[in-house]
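These are the residues of each chain, in order.
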Amino acid sequence: MTGGRHVSLLLFLACSALLKAQEVKYLDVSAVQQRTTLRYPATLQPECEPGKSCVAGGYGGASVADGAADRRDPRALGVYLLQVAPRDIDPTQPFEAEFRVLNTGVAPIEVPVSPHLSDLQPSDESAVFSYFSLALVVQVERPQPGTPPVGFVQLYGAANHEGTMLVLKPGEWIRVRAQVKLQSWPPLAPTRARGEFWLRRNTFQPHPGGGFTSIENLYPYVTPTPWIDIRLVHAASSKDSSW
């Protein structure tokens, strides 16, 4: 099959899937206190010789394995930022965001849907375990080049925990409502924002006094989604519609 025919077939399948599009789950975590703390064994007591100093304590850390998307991957996601409330955002405060996570590809894709990471950890606090995470991101456009300001909420899941992973068929989506807060922000002014995502496979390795997380970024094809208009304002003017 030639490259042109291959692309045409993928487009045909994608359009056919979108004709069957439907929402399969709605998650409102805007008022949920997420449980994300992970347990680890207690710090070992040091053996100190009389008259000599000794130090003991735990440590933690993480590593990230990166890669790149493949346009030929039949799996694809588009995260749409449907709305934010209020539209006049004080960047020092949380705000409400609603996302649509749509399977825009031609193959099923599995996504995590639990707000609680802690629930995925085995009862044995020393056991290594793996889980998936999906960050739903509000990305704010900045006027100058550089890293765009973002705020996000994360969902978690593991295959051995029923109900925490969901398979989206082509054209299916979930809708998620959450509180997010920007990690940084550009100059206060009218601007715009859109939805993005980070899909990851993580492994937590607990040890006495801490733990280490190995993070692997996953790269289904990213479908670009539209911007929506917002305004970043000081708290004193957030209730004022004038500029």
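Residues numbered from 1 in each chain as written. Predicted model: local features only at pLDDT ≥ 70, side-chain atom pairs only at ≥ 80, totals over all residues. Heavy atoms only, no water.

## As for the overall build of the chain
Heads up, the rule is: For helices the rule is a DSSP run of H or I covering at least 4 residues; for strands it is a run of E covering at least 2, with both sets numbered from the N terminus onward. Between buried and exposed lies partly exposed: a residue is buried under 20% and exposed over 50% of the maximum accessible area for its type, with that area taken using a 1.4 Å probe on protein chains only. Any two residues whose heavy atoms approach within 4.5 Å at even a single point are treated as in contact. Only the protein chains shown count as cover for residues, with accessible areas throughout obtained via the Shrake-Rupley method and a probe of 1.4 Å.
In terms of regular secondary structure, the chain is built from 1 helix and 14 strands. Every one of the 243 residues in the chain was classed for burial, and the buried ones make up 38%. Counting contacts in the chain only where the partners sit at least 6 residues apart, residues at least 24 apart contribute 78% of the total. Of the roughly 13700 Å² of accessible surface on the chain, a fraction of 53% belongs to carbon and sulfur atoms.

## Some points on the sheet that holds strand E3 (residues 76-85)
Our working definition: Two strands pair under a simple rule: DSSP has to find at least two bridges between them.
Within the open sheet, the 5 strands sit side by side as E1-E10-E5-E3-E13. Their pairing is mixed. Each edge of the open sheet carries a strand with a single partner, namely strand E1 (22-28) and strand E13 (221-222). Where E1 meets strand E10 (residues 172-180), 6 bridges bridge the pair, whose relative direction is parallel. Residue pairing for E10: Leu27 is matched across the bridge by Val176.

## Some words on the environment of Ala62
Mapped onto the elements of the fold, Ala62 is located in strand E2 (residues 61-65). Along the sequence, Ala62 and Asn202 sit 140 residues apart, while their C-alpha atoms lie 9.8 Å from each other. Ignoring anything within four residues of it in the chain, the contact list for Ala62 reads Phe212, Thr213 and Ile215.

## A closer look at the nonpolar core
Inclusion rule: Here, the term nonpolar core denotes a set of buried Ala, Val, Leu, Ile, Met, Phe, Trp, Tyr and Cys residues that are joined through side-chain atoms within 4.5 Å.
Of all hydrophobic cores here, the largest spans 33 residues; its most connected members are Leu136 and Val138. Going through the elements one at a time, E3, strand E5 (95-103), strand E6 (109-112), strand E7 (129-140), strand E8 (150-157), E10, strand E11 (190-207) and strand E14 (228-232) are the ones with two or more residues in this core. Setting aside residues no more than four positions away along its own chain, Leu136 makes contact with Val79, Phe99, Val101, Gly151, Phe152, Val153, Leu155, Val176 and Glu196. Judged by nonpolar contacts, the second largest core, of 8 residues, contains Leu120, Tyr156, Ala158 and Phe204.

## Points about the pairing of E5
With 8 of its 9 residues buried, E5 lies for the most part within the structure. Two strands pair when backbone bridges link them, and E3 and E5 are joined in this way by 8 bridges, in the antiparallel orientation. For Gly78, the partnering residue across the bridge sits in E5 and is Leu102. One ladder, built from 8 bridges, connects E5 with E10; its direction is antiparallel. Bridged to Leu102 within E10 is Trp173.

## Considerations on the layout of surface pockets
One simple way to see leftover space: roll a probe sized like a water molecule over the atoms. Put simply, the test is: Site definitions follow a grid-based scheme: protein atoms alone, a 1 Å grid, a 1.4 Å probe that fits but cannot get out for cavities, and for pockets an open set with protein on both sides within 12 Å along at least five of seven lines, plus lining residues having an atom within 4 Å of a point. Grid points are joined across faces, edges and corners, and a volume is the space filled by probe spheres set on the points. Gly falls in the polar group here, along with every residue not listed as nonpolar (Ala, Val, Leu, Ile, Met, Phe, Trp, Tyr, Cys, Pro) or charged (Asp, Glu, Lys, Arg).
For the second largest pocket, the calculated volume is near 190 Å³. Taken together, Glu196, Phe197, Trp198, Leu199, Arg200, Asn217, Leu218, Tyr219, Pro220 and Val222 form the lining of the second largest pocket. It is E11 that provides the largest number of residues to the lining of the second largest pocket, a total of 5 residues. Split into classes, the residues belonging to the lining of the second largest pocket amount to 7 nonpolar, 1 polar and 2 charged.

## Re the confidence of the model for the chain
Quick reminder of the rule: Confidence scores here are pLDDT values: one per residue, from the predictor, ranging 0 to 100.
With 80% of its residues at a pLDDT of at least 70, the chain reaches an overall mean of 86. Under a pLDDT of 50 for its full length, residues 238-243 has, in the predicted model, 13 contacts with residues more than four places off or in other chains.

## Notes on the pattern of salt bridges
Under the convention used in this document: A pairing counts as a salt bridge when a side-chain nitrogen of Lys or Arg comes within 4 Å of a carboxyl oxygen of Asp or Glu.
The final tally for this structure, using the stated rule, is 10 salt bridges. One salt bridge connects Arg177 with Glu96, and the closest N-O pair in it is separated by 2.8 Å. Here Arg177, found in strand E10, pairs with Glu96, found in strand E5; they are 81 residues apart in sequence, far enough to count as distant. Owing to a relative accessible area of 27%, Arg177 belongs among the partly exposed residues under this scheme. The partner of Glu98 in a salt bridge is Arg175, and the shortest N-O contact between them spans 3.0 Å. Remark: Arg175 occurs in strand E10 and Glu98 occurs in strand E5; sequence separation between them is 77 residues. Accessibility expressed as a relative area gives 22% for Arg175, which makes it partly exposed.

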